[in-house]
Amino acid sequence: MDVIRSIADIRTRVSGWRATGELVSLVPTMGALHDGHISLVRLAAERTERTVVSIFVNPTQFAPHEDFTTYPRDEARDLAMLEAAGVDAVFAPNVGEMYGETHRTVVEVQGLGKILEGAFRPDFFAGVATVCAKLLIQVGPDVAVFGDKDYQQLCVIRAMARDLNLPVEILGGETIRESDGLAMSSRNSYLTNAERTLAPKLHDEIVGVARRVASGGAIEEACADASQELDQAGFSSIDYIAVSDAETLESPAAGRPMRVLAAAWLGKTRLIDNVAV
Ligand code: PAF
């Protein structure tokens with residue numbers, strides 16, 4: 001497995017593969033890998049002959065008060081996991097290589113990037129869309145794989161790739177959960193033991209909302225009850241529990257697929273999760 005640090009080298013490697021007719025997939029990550037990431041790598045490897053994983057903790061998607069400097073980083077461990085998973089190349093540029101000194105272009109998916117997560121993290125999706133556009137242009141994969149766990153992110157990236165006519169297929173990989181239902185996330189390592197015990201309740205509650213709505217229950221009532229349950233269980237604050245159209249993330253409409261999405265705080269850790277109705 002090659003570890004490639006420069007845009008020029010990843011382009012050369014990928015165009016060499018493509019010249020011999022091999023298809024290439026990219027799994028973008030910020031490192032601190034877990035089994036959820038490895039399941040995305042497996043999905044990618046089922047679709048293409050060559051798999052590239054990028055590791056880049058992207059500063060532009062963190063607000064100044066967020067955890068950019070403390071975000072977990074362990075490149076040696078990540079590389080060992082990716083090698084064991086059969087990845088062909090890891091693209092791990094530094095911030096200078098990715099953004100240079102005069103970077104001033106921002107990719108913003110209007111509307112979709114400002115609701116739900118975007119209402120609480122106003123610059124987050126512009127940072128994500130910008131870095132993902134850059135990674136897709138730099139690596140030039142046929143397929144790119146993102147987790148359903150960050151469902152709104154997946155919707156934003158799909159919209160961005162469509163709007164910019166990027167010649168890539170965007171695939172979503174299912175959320176991988178711990179045995180008690182907690183969605184795997186690099187930020188779960190921030191939870192204290194007591195918080196970790198409580199954390200799966202977020203998944204339990206959104207599954208409850210999905211069941212109620214699927215059997216004809218009122219959406220606002222189901223979301224308000226779930227929010228109250230989380231509050232009483234000890235979640236410090238609930239940013240949102242919402243039922244949205246599964247594609248546009250706007251208000252749900254009759255006969256269209258729906259998704260329950262939620263974000264809530266346990267102490268200093270913000271958890272997000274979602275399930276299909
Ligand atoms: O989901 C993530 O890890 C990041 O938001 C992504 C897609 C790699 C962009 O930095």
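For the structure itself, consult the block above.
Figured I'd write up the structure that's included with this text.

### Looking at the packing of aromatic side chains
Stage number 1. By the definition in use, this model includes five aromatic pairs.
Stage number 2. Both rings, one in Phe56 and one in Tyr99, keep their centres 6.2 Å apart while their planes meet at 45°; by these two values the pair is tilted. Of this pair, Phe56 sits in the loop between β3 (50–55) and α3 (75–84) while Tyr99 sits in helix α4 (residues 95–99), and the two are 43 residues apart along the sequence. Grouping residues by exposure puts Phe56 and Tyr99 together as buried.
Stage number 3. Aromatic rings pair up to connect Phe62, Phe68 and Tyr71 into one cluster.
Stage number 4. Above the ring of Phe68, the side-chain terminus of Arg73 is found at 4.9 Å from the ring centroid.

### Overview of the pattern of salt bridges
A pair can form between side chains of opposite charge whenever their charged atoms are brought close.
Stage number 1. This structure, assessed with the given rule, holds 20 salt bridges.
Stage number 2. Across the salt bridge formed by Asp273 and Arg177, the nearest N and O atoms sit 2.9 Å from each other. A residue pair is termed long-range when its members are at least 10 positions apart, and Asp273 in strand β9 (residues 269–276) and Arg177 in the loop between β6 (169–173) and α8 (193–198) qualify at 96 residues.
Stage number 3. A relative accessible area of 24% means that Arg177 is categorised as partly exposed.
Stage number 4. Members of the salt-bridge network, linked through shared partners, are Glu22, Arg50 and Asp88.

### What to know about the nonpolar core
Stage number 1. The biggest cluster of nonpolar side chains holds 47 residues, and the ones touching the most others in it are Val52, Phe91, Leu136, Met160 and Ile170.
Stage number 2. By residue number, the principal contributor to this core is helix α6 (residues 124–139), which donates 10 residues.
Stage number 3. Leave out the neighbours within four places in its chain, and Leu136 touches Leu26, Pro141, Ala144, Met160, Leu166, Val168 and Ile170.
Stage number 4. If you look at the next biggest cluster of nonpolar residues, it comprises 22 residues, including Ile206, Ala222, Leu230 and Ala264.

What counts, and where the lines are drawn
Residues numbered from 1 in each chain as written. Predicted model: local features only at pLDDT ≥ 70, side-chain atom pairs only at ≥ 80, totals over all residues. Heavy atoms only, no water. Phe/Tyr/Trp six-rings, centres within 6.5 Å; stacked < 30°, edge-to-face > 60°. Helix = DSSP H or I, 4+ residues; strand = E, 2+ residues; numbered from the N terminus. Buried < 20%, exposed > 50% of the residue type's maximum accessible area, 1.4 Å probe, protein only. Lys NZ or Arg CZ within 6 Å of the ring centre and 35° of its normal. Salt bridge = Lys/Arg side-chain N within 4 Å of Asp/Glu carboxyl O. Core = buried A, V, L, I, M, F, W, Y, C linked by side-chain atoms within 4.5 Å. Contact = heavy atoms within 4.5 Å.

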